[in-house]
Amino acid sequence: MQKTFLRETAGTVMRAVVVVVTIVAIIGSISALYEVETGVSDGTCNIAVLPVEGVILPYHGLADYEMVVTPETIESFMAAVEEEEGIEAVLIEVNSPGGTPVASARIAERFRNSPLPVVGLIGDQGASGGYMIAAASDYLIASPMSDVGSIGVNMSYVEESGKNEEEGLTYVQLTSGKFKDIGSPNRPITEEERTLLEADLKLVHDEFVGMVAKYREMDKAAVEALADGSSMPGARALEVGLIDALGGREEARGILATILETDIQNISFCEYNRSFLPF
């Protein structure tokens with residue numbers, strides 16, 4: 001009886017050990033597979049390529065845009081490549097019309113503070129917040145035809161009180177403060193409200209100008225002279241100091257070789273895999 005009990009106990013323990021060992025092996029295999037799939041480099045490339053595309057927003061779901069970039073997604077990518085052995089620099093490929101100012105500034109500062117060299121390459125558009133981000137790179141390249149700049153802030157909106165009146169709709173104002181519904185499209189803006197909003201715009205505008213001046217090592221007055229909200233082709237952006245060179249990937253390859261003090265043949269791009277991270 002006792003021997004039978006001992007045999008049964010031993011058998012149960014052995015089965016439990018087998019189950020535990022199997023689970024550990026499966027977890028190890030999954031972890032190894034995850035590391036392979038989420039790594040940026042394939043073991044031969046050394047420059048992580050990161051597309052910065054679409055509208056810049058603080059988080060997904062804020063607005064209905066097909067392509068969105070957020071500070072969190074950029075942080076996830078940068079944290080990964082900075083820890084990955086073999087990655088020596090980052091190439092950001094910017095195609096963005098801009099977005100919210102704080103999200104743009106957060107991304108710009110993340111690139112600026114990276115321990116890795118960051119080279120920027122503007123595609124069709126690097127405007128407003130998109131330019132702010134691009135300007136934070138260590139070296140900035142654009143095509144002669146790229147749309148560059150648009151340094152400024154916009155808070156315009158459509159005022160619909162006339163339309164509402166035509167449709168028989170009445171806006172009932174119920175607020176705890178006179179500025180609580182400032183910017184409502186359902187009533188005309190007051191002069192006092194306009195003055196307040198324009199003062200706010202100037203504060204954000206001045207901060208934007210200061211950031212560009214710092215990143216591009218330009219005199220603030222020179223940036224202010226360009227900060228009328230207009231954009232310009234890359235060829236003119238080079239003339240006024242908003243970019244460092246004209247070109248594309250091959251020019252970026254050459255600059256990266258110079259920065260890393262290596263032969264250009266040693267520069268190999270790790271193409272961005274959209275399954276790498278959930279963005």
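Thresholds, definitions, all that
Residues numbered from 1 in each chain as written. Predicted model: local features only at pLDDT ≥ 70, side-chain atom pairs only at ≥ 80, totals over all residues. Heavy atoms only, no water. Patch = residues over 30% accessible without salt bridge, like charges linked within 9 Å, V, L, I, M, F, W, Y side chains within 5 Å. Areas by Shrake-Rupley, 256 points an atom, 1.4 Å probe, with all protein chains shown as cover. Salt bridge = Lys/Arg side-chain N within 4 Å of Asp/Glu carboxyl O. Lys, Arg positive; Asp, Glu negative; His and termini not counted. Charge placed at Lys NZ, Arg CZ, Asp CG, Glu CD. Helix = DSSP H or I, 4+ residues; strand = E, 2+ residues; numbered from the N terminus. Contact = heavy atoms within 4.5 Å. Core = buried A, V, L, I, M, F, W, Y, C linked by side-chain atoms within 4.5 Å. Buried < 20%, exposed > 50% of the residue type's maximum accessible area, 1.4 Å probe, protein only. Axes fitted to C-alpha atoms, helices over the stretch in contact; angles between N-to-C directions. Parallel < 35°, antiparallel > 145°, perpendicular 65-115°, else oblique. Left-handed = near helix turned anticlockwise from the far one by under 90°. Nonpolar A, V, L, I, M, F, W, Y, C, P; charged D, E, K, R; others polar. Pairing = 2+ DSSP bridges. Right-handed = clockwise from strand over helix to strand, strands pointing away. Phe/Tyr/Trp six-rings, centres within 6.5 Å; stacked < 30°, edge-to-face > 60°. Lys NZ or Arg CZ within 6 Å of the ring centre and 35° of its normal.

K.L.:
I keep staring at a negative patch on the surface and nothing clicks. Help me out?
P.N.:
A cluster of acidic residues, Glu159, Glu160, Glu165, Glu166 and Glu167, forms a negative patch at the surface. In this structure, glutamate 166 sits in helix H5 (residues 161–166).

K.L.:
What is the right way to look at the pattern of salt bridges in this model?
P.N.:
Pairs may arise between side chains of opposite charge once their charged atoms sit close together. All chains considered together, the criterion is met by twelve salt bridges. Where lysine 214 meets glutamate 109, a salt bridge forms, and the shortest distance between an N and an O atom there is 3.5 Å. You can see lysine 214 sitting in helix H6 (residues 191–216) and its partner glutamate 109 sitting in helix H3 (residues 101–112), a full 105 residues away along the chain. A salt bridge links aspartate 206 to lysine 202, with the nearest nitrogen and oxygen atoms 2.8 Å apart. You can see aspartate 206 and its partner lysine 202 sitting in helix H6, four residues apart, about one turn around the helix. Here the residues in one salt-bridge network are Glu75, Glu82 and Arg110, joined through shared partners.

K.L.:
Could you clarify how one ought to interpret the environment of isoleucine 92 in this entry?
P.N.:
Here isoleucine 92 lies in strand S3 (residues 89–99). What isoleucine 92 contacts, discounting residues up to four positions off in sequence, is Leu50, Val52, Phe111, Val118, Val119, Gly120, Leu121, Ile133 and Ser137.

K.L.:
Even after reading the chapter, I still don't get the nonpolar core, so can you show me in this structure?
P.N.:
Among soluble globular proteins, nonpolar side chains are generally buried collectively. By size, the foremost hydrophobic cluster in this structure holds 49 residues, and its most contacted members are Leu50 and Phe111. Among the elements that line this core, the one with the most residues is H6, at six residues. Those residues in contact with phenylalanine 111 that lie beyond four places of it in its chain are Leu50, Val52, Ile74, Met78, Ile92, Val118 and Ile133. Listed in part, the 14 residues of the second largest apolar core include Val49, Leu91, Ala245 and Phe269.

K.L.:
Help me understand unusual backbone geometry, please; the structure alone is not making it clear to me.
P.N.:
With the exception of glycine, most residues fall at negative phi, and the peptide bonds are largely trans. A positive phi angle, close to 55°, is found at serine 150, a residue other than glycine. Turning to its location among the elements, serine 150 is positioned in the loop between strand S6 (147–149) and H5. The class of serine 150 is buried, set by a relative accessible area of 19%.

K.L.:
Where do I start with the packing of H3 against H6 in this structure?
P.N.:
Working note: a packed helix pair is described by the angle between its axes plus the distance between those axes. Relative to each other, H3 and H6 sit at 15°, their axes nearing to 12 Å. As far as their axial angle goes, H6 and H3 are roughly parallel. Crossing of H3 over H6 shows left-handed handedness. Contacts between H3 and H6 involve Pro101, Ala105, Ala108, Glu109 and Arg112 on the former and, on the latter, Val204, Met211, Lys214 and Tyr215. Broken down by class, the residue content of the contact of H3 with H6 amounts to six nonpolar, no polar and three charged.

K.L.:
Which parts of the structure should I look at to understand the pairing of S3?
P.N.:
Moving residue by residue along a regular strand, the side chains alternate between the two faces of the sheet. In terms of residue burial, S3 counts as a mostly covered element, since eight of its eleven residues are buried. The pairing of strand S1 (residues 47–56) with S3 spans nine bridges and is classified as parallel. Paired with valine 55 across the strands is glycine 98, a residue of S3. Of the strand pairs in this sheet, S3 and strand S4 (residues 118–127) are connected by six bridges, and their pairing is parallel. Within S4, the residue paired with serine 96 across the bridge is glycine 126. With H3 bridging S3 and the parallel S4, this β-α-β connection has right-handed handedness.

K.L.:
Just to check I follow, could you spell out the side chain of arginine 216 for this structure?
P.N.:
Topologically, arginine 216 is positioned in helix H6. Exposure remark for arginine 216: the relative accessible area of 11% places this residue in the buried category.

K.L.:
Would you mind going over the packing of aromatic side chains with me for this structure?
P.N.:
Working definition: an aromatic ring pair is given by the centre-to-centre distance plus the angle between the planes. Tallying each qualifying case throughout the model produces one aromatic pair. Over the ring of phenylalanine 269 we find arginine 249, and its NZ or CZ is 5.0 Å from the ring centre.

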